[in-house]
Amino acid sequence: MMPEDLRSETERSGGQVDPAPQRPGAPTPDRWTVDALEETPHGPVARLERPDGATVDVPARHLPAGVREGDLLAVQDGPDGVRFQALPDETRARRTQAQAQLDALNARQGPPTNDQGEIDL
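What comes next is a walk through the structure. Residue numbers here run from 1 along each chain, matching the order of that chain's written sequence. In view of the model being predicted, local features appear only for residues whose pLDDT reaches at least 70, and side-chain atom pairs are presented and counted only at 80 or more, with totals across whole chains, interfaces and linings using the full set of residues. No hydrogens and no water enter the side-chain calculation; it runs on all heavy atoms of the structure.

**Digging into the pattern of salt bridges**
Phase 1: Salt bridge criterion: a side-chain nitrogen from Lys or Arg within 4 Å of a carboxyl oxygen from Asp or Glu. According to the stated counting rule, one finds six salt bridges in the structure shown.
Phase 2: Close ionic contact of R95 with D71 constitutes a salt bridge, the shortest N to O distance being 3.1 Å. Within this pair, whereas R95 is found in helix α2 (residues 88-107), its partner D71 is found in the loop between β3 (55-59) and β4 (72-78), the two being separated by 24 residues in sequence.
Phase 3: Look at the salt bridges and you will find they share partners, linking D35, E38 and R47 into a network. Each helix is a run of DSSP H or I of at least 4 residues and each strand a run of E of at least 2, with the numbering of both proceeding from the N terminus.

Right under this line is the structure:
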């Protein structure tokens, strides 16, 4: 996958993208997380984290408009190149789950410890 070959569905269609219907037998798109958005001498770049933990830098212009750090993207390779689609419902659910975990940790008295009384990170 070469960055210059990447085009988002939004960029191709000129607007927001509705979830694409899945064809029978079509592969399920990967879910990648927008890890960071950075300004570089060559323009804005997004660092995307793949499910295996590896990161890929992609020019931000290839992503749907309004994408921000922490957002989930459906990423699918196809005959027209790689397609990025924002997943606002999945992003919202993941943020809600993360906040609930943080709230539960903050509600505990003191740091979490293991059976030996050592701080468990």
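After presenting the structure, the write-up continues.
**Side note on the nonpolar core**
Phase 1: Here, nonpolar core refers to any group of buried Ala, Val, Leu, Ile, Met, Phe, Trp, Tyr and Cys residues whose side-chain atoms link them within 4.5 Å. Only protein chains enter the accessibility calculation, which uses a 1.4 Å probe; a residue is then buried when its area is under 20% of its type maximum, exposed when over 50%, and partly exposed in between. Listed in full, the twelve residues of the largest apolar core are W32, V34, A46, L48, V56, V58, L63, V67, L73, V75, V82 and F84.
Phase 2: Secondary structure elements with two or more residues in this core: β1 (30-40), β2 (43-49), β3, β4 and β5 (81-86).
Phase 3: Among residues more than four places away in sequence, those in contact with L48 are W32, T33, V34, D35, A54, T55, V56, V58, L63, L73 and F84. In this analysis, two residues are considered to be in contact whenever any of their non-hydrogen atoms come within 4.5 Å of each other.

**A closer look at the environment of R50**
Phase 1: Looking at the secondary structure, you find R50 in the loop between β2 and β3.
Phase 2: Residues R50 and V75, 25 residues apart in the sequence, show an inter-C-alpha distance of 9.5 Å.
Phase 3: When neighbours within four sequence positions are excluded, R50 is seen to be in contact with W32 and V56.
Phase 4: A distance of 2.5 Å separates a polar atom in the side chain of R50 from a polar atom in the side chain of D52. Under the rule applied, a polar contact is a pair of N or O atoms within 3.5 Å (in protein, one hydrogen donor and one hydrogen acceptor; residues adjacent in sequence only if both atoms are side-chain atoms).

**Focus on the environment of E90**
Phase 1: Topologically, E90 is positioned in helix α2.
Phase 2: A relative accessible area of 33% places E90 in the partly exposed class.
Phase 3: C-alpha of E90 to C-alpha of L72: the two residues are 18 residues apart in sequence and 6.9 Å apart in space.
Phase 4: Setting aside residues up to four positions removed in sequence, E90 forms contacts with R31 and L72.

**Looking at the sheet that holds β4**
Phase 1: Spatial strand order, β3-β2-β1-β4-β5: five strands in an open sheet with antiparallel pairing. Of all the strands in the sheet, just β3 and β5 have a single pairing partner and so form its edges. In this sheet, adjacent strand axes meet at a mean angle of 40° when their direction is disregarded.
Phase 2: When DSSP locates at least two bridges between a pair of strands, those strands are taken to pair. Sheet topology places β1 next to β4; four bridges connect them, and they run antiparallel. Directly across from W32, in β4, lies its bridge partner L73.
Phase 3: All axes here are fitted lines through C-alpha atoms, helices being fitted over the stretch that makes contact, and every angle between N-to-C directions spans 0 to 180 degrees. In this fold α2 packs onto β1, β4 and β5, with an angle of close to 140° to the strand it touches most, β4.

By themselves these figures say nothing about function.
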